[in-house]
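Residues per chain, in single letters:
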Amino acid sequence: MTGRSSGISWLMLMKEIKQKMRGWLQYYGIGKMKTFIQQLDQWLRSRIRQLIWKRWKKIKTRYRELIKLGMTPEQAKTNANTARDIGELPIIKH
């Protein structure tokens, strides 16, 4: 579903995630729902960040998109040119 080499559109990906989550919520019921939802949310956010970073293949694209998300040009330049994973980058506040 969230394979990093998948070429599906964002709309299709989000639709698929929504369908899967609805099914998981119905399956797991009320039981250990709070912990399950928190873990699922954390995992999904991580995978979506990885997918975004993978699609921004070029440093120029990463730089431009990080500025759009609120980084200063200096921060964007440093982070766009890093070999680190997206999950290790500083949190961007909107």
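Look up: the structure comes first, before these words.
Quantities reported herein were computed from a predicted structural model and do not represent experimental measurements.

Peer 1: Looking at this structure, I do not really get the nonpolar core. What am I missing?
Peer 2: The nonpolar side chains of a soluble globular protein tend to be buried with one another. Of all hydrophobic cores here, the largest spans 7 residues; its members are Leu 13, Ile 17, Met 33, Phe 36, Leu 40, Leu 44 and Leu 51. Elements with a contribution of two residues or more to this core: helix H1 (10-28) and helix H2 (33-55). No other element matches H2, which puts 5 residues into this core. When sequence neighbours within four positions are dropped, the list of residues in contact with Leu 40 reads Met 21 and Trp 24.

Peer 1: I'm lost on the packing of H1 against H2 in this one. Help?
Peer 2: A packed helix pair is summarised by two numbers, namely the angle formed by the two axes and the spacing between the axes. Two elements in contact, H1 and H2, have axes separated by 12 Å at closest approach and are oriented at 165 degrees. Comparing the axis directions of H1 and H2 gives the class roughly antiparallel. Crossing geometry of H1 relative to H2 is assigned as right-handed. Across the interface between the two elements, Trp 10, Leu 13, Met 14, Ile 17, Met 21, Trp 24, Leu 25 and Tyr 28 from H1 touch Met 33, Phe 36, Ile 37, Leu 40, Leu 44, Ile 48, Leu 51, Ile 52 and Arg 55 from H2. Here the contact of H1 with H2 is composed, by residue class, of 16 nonpolar, no polar and 1 charged.

About the criteria used
By convention here, each chain's residues receive numbers from 1 onward along its written sequence. Restriction of local features to residues with pLDDT of at least 70 applies here, the model being predicted, together with a cutoff of 80 or more for giving and counting side-chain atom pairs; totals for whole chains, interfaces and linings are based on all residues. Processing note: side-chain calculations cover all non-hydrogen atoms of the structure and skip hydrogens and water entirely. For the purposes of this section, nonpolar cores are sets of buried Ala, Val, Leu, Ile, Met, Phe, Trp, Tyr and Cys residues that join through side-chain atoms within 4.5 Å. For the exposure calls, accessible area comes from a 1.4 Å probe over protein chains only, and a residue counts as buried if that area is under 20% of its type's maximum, exposed if over 50%, partly exposed in between. Where helices and strands are cited, they refer to DSSP runs of H or I of at least four residues and of E of at least two residues respectively, numbered from the N terminus. Contacts: residue pairs with any heavy atoms within 4.5 Å of one another. In this analysis an axis means a line fitted to C-alpha atoms, helices contributing only their contacting stretch, and an angle means the value between N-to-C directions, from 0 to 180 degrees. Relative orientations are named as follows: roughly parallel for angles under 35 degrees, roughly antiparallel for angles over 145 degrees, roughly perpendicular for angles from 65 to 115 degrees, and oblique for any other angle. By definition, turning the near helix anticlockwise from the far helix through less than a right angle yields a left-handed crossing, and turning it clockwise yields a right-handed one. Each residue gets one of three labels, nonpolar for Ala, Val, Leu, Ile, Met, Phe, Trp, Tyr, Cys and Pro, charged for Asp, Glu, Lys and Arg, and polar for the others, Gly among them.

In short, shape yes, function no, at least from these values alone.
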